[in-house]
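Per-entry structural report
The primary structure of each chain is shown beneath.
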Amino acid sequence: MIGRFKEKLVRSKEKWAEEGRLLTGEAGDPARDRLPPGQRKVDGWPVLDLGLQPEIGREEMRLSIDGLVENPVTLDWAALAALPPFSQTVDIHCVTAWSRYDNRFDGVAVADLVRLVRPKPEAKFVLFEAHDGYTTNLKRAIFEDETAMLATHWEGEPLSRDHGGPLRVVVPKKYFWKSAKWVKRITYSAEDKPGFWEVRGYHNEGDPWREERYQD
Ligand SMILES: Nc1nc2c(c(=O)[nH]1)N[C@H]1C(S)=C(S)[C@@H](COP(=O)(O)O)O[C@H]1N2
Ligand SMILES: [Mo]
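Residues numbered from 1 in each chain as written. Chains lettered and ligands numbered in written order. Predicted model: local features only at pLDDT ≥ 70, side-chain atom pairs only at ≥ 80, totals over all residues. Heavy atoms only, no water.

1. Comments concerning the site of ligand 1
Close contacts around ligand 1 come from 21 residues, with P46, D132, H163, R168 and K181 the closest. Between a nitrogen atom of ligand 1 and a side-chain N or O atom of D132, the distance comes to 2.7 Å. Within the complex, the protein chains bury 99% of what would otherwise be the 530 Å² of accessible surface of ligand 1. Of the residues belonging to the shell around ligand 1, the class tally is 14 nonpolar, two polar and five charged. (Near = heavy atom within 4 Å. Polar contact = N/O pair within 3.5 Å; in protein donor to acceptor, adjacent residues only side chain to side chain. Areas by Shrake-Rupley, 256 points an atom, 1.4 Å probe, with all protein chains shown as cover. Nonpolar A, V, L, I, M, F, W, Y, C, P; charged D, E, K, R; others polar.)

2. Describing the pattern of salt bridges
Side chains carrying opposite charge are able to pair once their charged atoms draw close together. Enumeration over the complete set of coordinates arrives at 19 salt bridges. With its nearest N and O atoms 3.5 Å apart, the salt bridge here joins R11 to E18. According to the relative accessible area criterion, E18 is exposed, its value standing at 58%. Here E129 ties to R185 by a salt bridge, and the two come within 3.2 Å at their closest N and O atoms. Taken as a pair, E129 in strand β6 (residues 125-130) and R185 in strand β11 (residues 183-189) lie far apart in primary sequence, 56 residues in all. When its relative accessible area of 31% is taken as the criterion, R185 is described as partly exposed. Connected via shared salt-bridge partners are R11, E14 and E18. (Salt bridge = Lys/Arg side-chain N within 4 Å of Asp/Glu carboxyl O. Buried < 20%, exposed > 50% of the residue type's maximum accessible area, 1.4 Å probe, protein only. Helix = DSSP H or I, 4+ residues; strand = E, 2+ residues; numbered from the N terminus.)

3. Some remarks on unusual backbone geometry
Trans peptide bonds make up the majority, and among non-glycine residues the majority have a negative phi. Note the cis peptide between G165 and P166, where omega equals 10°. When you line up the elements, P166 lands in the loop between β9 (157-158) and β10 (168-170). Non-glycine residue A97 carries a positive phi angle of around 95°. Tracing the backbone shows A97 in the loop between β4 (86-93) and β5 (98-109). Judged by relative accessible area, A97 falls into the buried class, the value being 4%. Its identity as a non-glycine residue notwithstanding, D102 has a phi of 55°, on the positive side. With respect to the helices and strands, D102 occurs in strand β5.

4. A few points about helix α1 (residues 7-19)
Taking 1.5 Å per residue as the helical rise, α1 with its 13 residues ought to reach 18 Å, and the 18 Å between its terminal C-alpha atoms agrees with that figure. Restricting attention to buried positions, one finds in α1 the residues V10, K13, W16 and A17. Projected down its long axis, α1 carries its buried residues within an arc of 115°, all on one side. Facing away from the buried side of α1 by more than 90 degrees, the exposed set consists of K8 and E18. Looking one or two places after α1, you find G20, whose phi comes out positive at around 65°. (Expected span 1.5 Å × (residues − 1). Arc of directions from axis to C-beta.)

5. Some thoughts on the packing of aromatic side chains
Summed over the entire model, instances satisfying the criterion amount to twelve aromatic pairs. For the pair F143 and Y188, a centre-to-centre distance of 6.5 Å together with 65° between the ring planes defines the contact as edge-to-face. On the criterion of sequence distance, the pair formed by F143 in helix α4 (residues 140-143) and Y188 in strand β11 is long-range, its members being 45 residues apart. With respect to class, F143 is no different from Y188; both count as buried. Ring geometry for F196 versus W197: centroids 5.0 Å apart, planes at 85°, classification edge-to-face. W197 carries the same exposure label as F196, and that label is buried. Through a chain of ring-to-ring contacts, the aromatic side chains of F5, Y134, Y175, W177, F196, W197, Y202 and Y214 assemble into a single cluster. Between K13 and the ring centre of Y202, over which it is positioned, the NZ or CZ distance is 5.8 Å. It is R21 that lies over the ring of W16; its NZ or CZ is 4.3 Å from the centre. (Phe/Tyr/Trp six-rings, centres within 6.5 Å; stacked < 30°, edge-to-face > 60°. Lys NZ or Arg CZ within 6 Å of the ring centre and 35° of its normal.)

If you want it as structure tokens, here you go:
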């Protein structure tokens with residue numbers, strides 16, 4: 001799988017991490033500022049991924065939620081659509097320094113997935129796998145924060161394939177690499193497991209307000 005990724009892009013982003021590119025050394029305060037340190041506002045919505053952009057139809061899409069949960073599930077589109085609708089408008093921040101304000105996403109809230117699968121107390125981390133082979137990781141408390149969601153729509157339209165449609169994760173409180181596009185599996189785990197960018201020099205937490213771009 002790895003050979004099919006855009007190797008040049010991966011290499012140049014690894015280099016950014018090695019060199020600490022874009023770091024301002026300032027801390028931001030979301031109560032005061034709208035733009036995290038070192039970010040700039042864009043109006044369009046850039047596409048960032050490893051170049052594979054898998055095509056997954058609604059009929060064939062499946063999402064598994066497994067690991068340390070009482071009730072592991074595999075949801076198809078109908079099962080997802082049967083969950084309570086959830087909608088929010090959030091700013092997104094990519095580690096490559098673009099931020100985009102006021103993105104309206106519709107989909108399902110993590111709280112409703114939690115009610116369904118009932119994670120066990122030992123589960124402290126959540127690991128994500130996507131159809132392009134991408135992986136990422138979050139602390140459980142971050143995933144279960146009220147702002148994380150699975151998105152099926154953006155600005156009222158079905159989420160396009162290049163932005164991770166039919167189903168992606170949206171975790172607005174972290175840099176956007178933590179939001180897996182084309183998500184296929186969410187695993188609750190007792191142990192952390194750094195994902196694609198986290199093993200290539202990117203920060204394990206990725207909080208834009210603390211400018212956690214790269215590993216120390
Ligand atoms: N499956 C998958 N998800 C992914 C990525 C990827 O390469 N594959 N790239 C991440 C990165 S680095 C960013 S900035 C955002 C970009 O999302 P966008 O293309 O919708 O802006 O997706 C994240 N999720
Ligand atoms: Mo990114």
